[in-house]
Amino acid sequence: MSRLFPFNMATVLFVDVGYSHATAFTTVFREHSMRVLACESSTECCGRRVDEELSQLVYEKLTSQGIDVMKESQRWRAEVILQCEACKKLFTPDGLDACEIKVQHQDDDIIVLISREEFESRCKDMVRALLQLCSACLEKSPETSIVLLEGSSARLLFIRDAIQELLSKQSSKVVMK
């Protein structure tokens, strides 16, 4: 415990944005013990929902270009989803503000441009649900001093920024990792 927490006491908010659900919980670490103070979980704010929002946005853009996505093969749709997954990884703190998704349709390459702003806008309800989980935990343990984020969707800048903004309202001494 001394390497992660170089002090005798800390209250930590763990936020895990998993694929099928998100969990937030606060834990108090003392010199030789730990105690969970609060735990909240939801399926409304998970990695699967992030993936669905991005793929739906891409499908809508393809439909606007005259492609009937639902008439395409399952393999074709799976390839589009793989492209979305690669695109999502670019919207991290050190990533890009826009992503091009290249889709092969019949004999043409179609480029779908997704901006970080569009993607964030599509995920705002999911982020709101995640912040509710965090708020519920923070209300039960306002002395939280460290936040640890877990899960690939937790790397998305808009999720990190939303949690940081929530924490700045709570205390200016919170460290996010």
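Since the structure is predicted, the reported quantities are computational estimates derived from the model, not experimental observations. (Residues numbered from 1 in each chain as written. Predicted model: local features only at pLDDT ≥ 70, side-chain atom pairs only at ≥ 80, totals over all residues. Heavy atoms only, no water.)

S.K.: Explain the packing of aromatic side chains residue by residue, including any values.
M.R.: Tallied over the entire structure, the rule returns four aromatic pairs. Measuring from centroid to centroid gives 5.4 Å for phenylalanine 91 and phenylalanine 119, while their planes differ by 35 degrees, and the two rings are tilted. Of this pair, phenylalanine 91 sits in the loop between α2 (74–88) and β4 (98–105) while phenylalanine 119 is found in helix α3 (residues 116–122), placing the two residues 28 residues apart along the sequence. Aromatic pair phenylalanine 119 and phenylalanine 158: ring centres 5.4 Å apart, planes at 85 degrees, arrangement edge-to-face. (Phe/Tyr/Trp six-rings, centres within 6.5 Å; stacked < 30°, edge-to-face > 60°. Helix = DSSP H or I, 4+ residues; strand = E, 2+ residues; numbered from the N terminus.)

S.K.: So what's going on with the confidence of the model for the chain? Residues and values would help.
M.R.: With 91% of its residues at a pLDDT of 70 or more, the chain has an overall mean of 88. No element of the chain has a lower mean pLDDT than strand β7 (residues 175–176), at 62, and none a higher one than helix α1 (residues 47–64), at 95. (pLDDT = per-residue confidence, 0-100.)

S.K.: Describe the environment of threonine 11, listing the residues and the values that go with them.
M.R.: Structurally, threonine 11 can be placed in strand β1 (residues 10–17). A C-alpha to C-alpha distance of 8.8 Å links threonine 11 and proline 142, two positions 131 residues apart in sequence. Apart from the residues lying within four places of it in its own chain, the contact partners of threonine 11 are Thr27, Val28, Leu37, Ser141, Glu143, Thr144, Ser145 and Ile146. (Contact = heavy atoms within 4.5 Å.)

S.K.: Now, about unusual backbone geometry: what can you tell me, with residues and values included?
M.R.: A positive phi angle, near 55 degrees, is found at glutamine 106, a position not held by glycine. By the element assignment, glutamine 106 lies in the loop between β4 and β5 (108–115).

S.K.: For the environment of cysteine 46, give the residues involved together with the corresponding values.
M.R.: Tracing the sequence through the fold places cysteine 46 in the loop between β3 (34–42) and α1. On the basis of relative accessibility, which here comes to 0%, the residue cysteine 46 falls in the buried class. Linking cysteine 46 and phenylalanine 158, residues 112 residues apart in sequence, is a C-alpha distance of 14 Å. Residue contacts for cysteine 46: discarding those within four places in its chain leaves Val17, Gly18, Tyr19, Ser20, His21, Ala22 and Met126. (Buried < 20%, exposed > 50% of the residue type's maximum accessible area, 1.4 Å probe, protein only.)

S.K.: How would you explain helix α4 (residues 124–140) if you had to name every residue and give the values?
M.R.: Between its terminal C-alpha atoms α4 stretches 25 Å, which fits the 24 Å expected from 17 residues at 1.5 Å a residue. Taken together, the buried positions of α4 are occupied by Met126, Val127, Ala129, Leu130, Leu133, Cys134, Ser135, Ala136, Cys137 and Leu138. (Expected span 1.5 Å × (residues − 1).)

S.K.: Tell me about the packing of α1 against α2, residues and numbers included.
M.R.: The interhelical angle for the contact between α1 and α2, taken along N-to-C directions, is 120 degrees, at an axis separation of 10 Å. The interaxial crossing formed by α1 with α2 has right-handed handedness. Judged by residue contacts, Val50, Asp51, Leu54, Ser55, Val58, Tyr59 and Leu62 of α1 engage Trp76, Arg77, Val80, Ile81, Cys84, Glu85, Cys87 and Lys88 from α2. Split into classes, the residues belonging to the contact of α1 with α2 amount to ten nonpolar, one polar and four charged. (Axes fitted to C-alpha atoms, helices over the stretch in contact; angles between N-to-C directions. Left-handed = near helix turned anticlockwise from the far one by under 90°. Nonpolar A, V, L, I, M, F, W, Y, C, P; charged D, E, K, R; others polar.)

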